[in-house]
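Structure assessment
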Amino acid sequence: MRLIRAAILSVSVLGAAWFLSPPWLCSLFIGIVICMFLRASWKSIHVAFHTIKRDLRCLIVIMKVRISIYRNMRNKSTIPTLFAQIVALNPDKPALIYEATGEVWSFQKLQQQCHAVAHWALKQEWVEGDVVALYLESQPLVVALWLGLAMVGVEAALINHNLRLHSLLHCVNVSGARAMVFGAEKAEAVSEVMDSLQHNMVMFISGELNDEVKLPSRVCQSLDKLLARSPTHAPQHKLRKEFNGMPKAAIIVHSRYYRIAAFGFHSFGLCCDDVLYNCLPLYHSAGTIMGVGQCLLFGLTVVIRKKFSASRFWDDCVQHNCTVIQYIGEVCRYLLSQPVCPSETHHSVRVAFGNGLHPSVWKEFVQRFQIPKIGEFYGATECNCSLINIDGKVGACGFNSRILPSFYPIRLVRVKQDNMELLRDSHGLCVPCLPEEPGMLVGRIDLTDPLRRFDGYVDMDSTNQKIAHNVFRMGDSAYVSGDVMVMDDYGYIFFRDRSGDTFRWRGENVSTTEVEGVLSGLLGHTDVAVYGVSIPGVEGKAGMAAITHNGDQLDLGSFLITAQKSLPSYAIPVFLRLMPSVDTTGTFKIQKMRLQKEGFKPSNPSEKMYFLNSRTGSYVAITDELYNDIMEKKVRL
């Protein structure tokens, strides 16, 4: 009750003082009033003084999004109906620009293509809840397909276009798709699995098939011809339910799509006149919701690039007069590794937003490319504990108010370091973390609140694994993010590790994310994967770093000296693996599973492996003899 009164008081005081006082005086006055009202300490007054403007700004954003969502729910508005409203305002304005061909889709053309897709789906006699797998590279047609299918309640399963063979087959089968649409550019990959797909699955192909690629005997209908004959007026179909499955096995409803896109729009100060450069894959929620969502819901023009190119990035931005860019942390690192070019500072970009921008490259990225504003956010597609860095705090993925912590019910709670199990107090509740204490991010579930609900996954077992009970209070439920964070005294939250990425060595916890950031910076922003490997008879796991190198000899002596200055002794990699490239996902995240399994045994002549000899204080090449000595405990670590 005290917090509610304080919230009401602070908002009331803000309204009266905002126009009567300078901003700094307004912040000071409000902070002091709140703290006096709560009988807070001078430390709390200090925190309030520094965070009140940030918190109130975020409060306004939350209220805008919440009011909009409730209005949309009351009016039973879906993403297609909201898009129709945008089309009516600017039918001839460019909606999507396809960088690969220079093709421009106006809002009206995009809507007509969506209508054609909807009529095609109805002609196939698909019903609400049916699933169609989309396996195409990023292009405007992908947007028209999933949005057109959504108009008639058919769910689009966006398949990672990098997958092949068993991985591709698994994803298509798990989606439960009745049909599959694939691009001609993916025909070879489809031909490898076509005989293993369900025999009643209907196949559609878009684009011109290469003469060298031969598909099996199964009939593949030409989607382009079918859509060309399909009506372009709005279909007479009324949706009966809200579900609209999209990028992955998480269930995405229209309200969640709106929430994610709207938070980005309002938090980062975007406007309908912005041109957004989107080089992220459209099978991923970052590209489809945070990126394309700005076009569909707020009328921005979005430039779609089929595939990210570090060398062409800034030239594209200049060519299309982009004012907003999207990033994933690895994108920023790749851009920094490029040679200096004129376009990198002659652009019109004023906002860069995304997630995963590591603190080690944050300032360099802003200064070199002259980006006025960074909008960092955190949150999986399905989670209910998203975070927004609304004021550009370097390194933070978001914050939680220290003044009104219950307004947005998320929390960092203590976990066991070995298995990430939630720790409980004597009452059976989770234990909140203190400032600077790492913990698991959780968010209270409220199925009646569109901002707090957790819709889960198609797989119920996966859904149940992400839910914990008796977290904030007895009888409640909370979404468990699986990510370890740390919060400072001002409520800023910093990403620490994904669960399982931290390992123990010499009695200390080693954060792979932090070590990767440091080593990558030392090596000119090259790809670095850090992980722990087991050694017989040794407690914990020794650190190993897989480093991409281009054939140049790495000066191991200088590398070790620099690493020793930048890292604590227990975090310095015991093993190094120099390799031509490391495995990455379609969104440039490094895959470590294969590397962890292979350990430190030499096997590939194109790679070099080294061991940090504690006696000589230097890295030495691992031979078969040295490997055996380590495994037989003859070498002291």
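Below you will find a few notes about this structure. Please read all numbers here as calculations on a predicted model, not as lab measurements.

**Re the overall build of the chain**
Of regular secondary structure, the chain possesses 19 helices and 26 strands. Nonlocal contacts in the chain, meaning residues at least 24 apart in sequence, comprise 68% of its contacts between residues at least 6 apart. Here the chain has roughly 28900 Å² of accessible surface; of this, 53% comes from carbon and sulfur atoms.

**A word on a nonpolar patch on the surface**
Together, Met63, Ile67 and Phe407 line one region of the surface with nonpolar side chains, adding up to about 260 Å² of accessible area. Here Phe407 is to be found in the loop between β14 (398–399) and β15 (410–413). Judged by its relative accessible area of 37%, Phe407 falls in the partly exposed class.

**With respect to the environment of Ile45**
Tracing the backbone shows Ile45 in helix α3 (residues 42–74). Its relative accessible area of 13% is what places Ile45 among the buried residues. Taking the C-alpha atoms as reference points, Ile45 and Ile403, 358 residues apart in sequence, are found 9.6 Å from one another.

**Section: the packing of aromatic side chains**
The relation between two aromatic rings is expressed through the spacing of the ring centres and the mutual angle of the planes. Tallied over the entire structure, the rule returns 18 aromatic pairs. Aromatic side chains Tyr258 and Phe298 sit 6.2 Å apart centroid to centroid with 40° between the ring planes, which places their arrangement in the tilted category. Taken together, the positions of Tyr258 in helix α10 (residues 254–267) and Phe298 in helix α11 (residues 285–298) put the pair 40 residues apart, joining distant regions of the chain. With centroids separated by 6.3 Å and ring planes inclined at 45°, the aromatic side chains of Phe559 and Tyr619 adopt a geometry described as tilted. In this pair, Phe559 sits in helix α17 (residues 556–566) while Tyr619 sits in strand β26 (residues 618–621), placing the two residues 60 residues apart along the sequence. Each member of the pair Phe559 and Tyr619 is classed as buried. An aromatic cluster is present here, built from Tyr277, Phe308, Phe313, Trp314, Tyr334, Phe365 and Phe369 joined pairwise through their rings. Taking the ring centre of Tyr492 as reference, the NZ or CZ of Lys393 above it sits at 5.4 Å. Over the ring of Phe472 we find Arg444, and its NZ or CZ is 4.6 Å from the ring centre.

**With respect to the sheet that holds strand β12 (residues 373–378)**
The 8 strands lie next to each other as β2-β1-β9-β8-β10-β11-β12-β13, forming an open sheet whose pairing is mixed. Edge strands, defined here as strands with exactly one partner in the open sheet, are β2 (103–106) and β13 (387–389). Averaged over neighbouring strand pairs, the angle between their axes works out to 20° when direction is ignored. Two strands pair when backbone bridges link them, and β12 and β13 are joined in this way by 3 bridges, in the antiparallel orientation. Within β13, the residue paired with Tyr378 across the bridge is Leu387.

**Description of the sheet that holds strand β4 (residues 155–158)**
Adjacent strands of a sheet pair through backbone hydrogen bonds, lying either parallel or antiparallel. Within the open sheet, the 5 strands sit side by side as β4-β3-β5-β6-β7. Their pairing is parallel. Across the chains shown, the open sheet's two edge strands, defined by having one partner strand only, are β4 and β7 (220–222). Each strand of the sheet is rotated relative to its neighbour by a mean of 30°, with strand direction disregarded.

**Thoughts on the packing of α3 against α10**
A pair of packed helices is characterised by two quantities: the angle between their axes and the separation of those axes. The N-to-C vectors of α3 and α10 enclose an angle of 145°; their axes lie 10 Å apart at closest approach. The two elements α3 and α10 meet at a crossing, and its hand is right-handed. The residues of α10 that touch α3, namely those facing Arg57, Val61, Ile62, Lys64, Val65, Ser68, Ile69 and Asn72, are Ser255, Tyr258, Arg259, Ala262, Phe263, His266 and Ser267.

**Here we look at the environment of Leu523**
Topologically, Leu523 is positioned in the loop between α16 (512–522) and β22 (528–533). Residues Leu523 and Ile547 lie 24 residues apart in sequence; the distance between their C-alpha atoms is 9.0 Å. For Leu523, the residues in contact, after removing those within four places along its chain, are Val528, Ile547, Leu554 and Phe559.

**Considering the pairing of β22**
With 6 of its 6 residues buried, β22 lies for the most part within the structure. Neither face of β22 is exposed, since Val528, Val530 and Gly532 on one face and Ala529, Tyr531 and Val533 on the opposite face are all buried. As judged from the 6 bridges shared by β22 and strand β23 (residues 542–548), these two strands associate in the antiparallel manner. The residue bridging Val530 from the neighbouring strand is Ala545, located in β23.

**Here we look at the pairing of strand β5 (residues 179–183)**
Taking burial as the measure, the 5 residues of β5 include 5 buried ones, the bulk of the element. Where burial is concerned, the two faces of β5 agree: the one with Ala179, Val181 and Gly183 and the one with Met180 and Phe182 are both buried. Pairing of strand β3 (residues 131–135) with β5, which is carried by 4 bridges, proceeds in the parallel orientation. Counted as the bridge partner of Val132 is Ala179 from β5. Note that β5 and strand β6 (residues 202–206) share 5 bridges and pair parallel. Residue Met180 lies in a different strand from β6, and its bridge partner there is Met203. For the segment spanning β5, helix α8 (residues 187–193) and β6, crossover handedness is right-handed.

Conventions used here
- Residues numbered from 1 in each chain as written.
- Predicted model: local features only at pLDDT ≥ 70, side-chain atom pairs only at ≥ 80, totals over all residues.
- Heavy atoms only, no water.
- Helix = DSSP H or I, 4+ residues; strand = E, 2+ residues; numbered from the N terminus.
- Contact = heavy atoms within 4.5 Å.
- Areas by Shrake-Rupley, 256 points an atom, 1.4 Å probe, with all protein chains shown as cover.
- Patch = residues over 30% accessible without salt bridge, like charges linked within 9 Å, V, L, I, M, F, W, Y side chains within 5 Å.
- Salt bridge = Lys/Arg side-chain N within 4 Å of Asp/Glu carboxyl O.
- Buried < 20%, exposed > 50% of the residue type's maximum accessible area, 1.4 Å probe, protein only.
- Phe/Tyr/Trp six-rings, centres within 6.5 Å; stacked < 30°, edge-to-face > 60°.
- Lys NZ or Arg CZ within 6 Å of the ring centre and 35° of its normal.
- Pairing = 2+ DSSP bridges.
- Axes fitted to C-alpha atoms, helices over the stretch in contact; angles between N-to-C directions.
- Left-handed = near helix turned anticlockwise from the far one by under 90°.
- Right-handed = clockwise from strand over helix to strand, strands pointing away.

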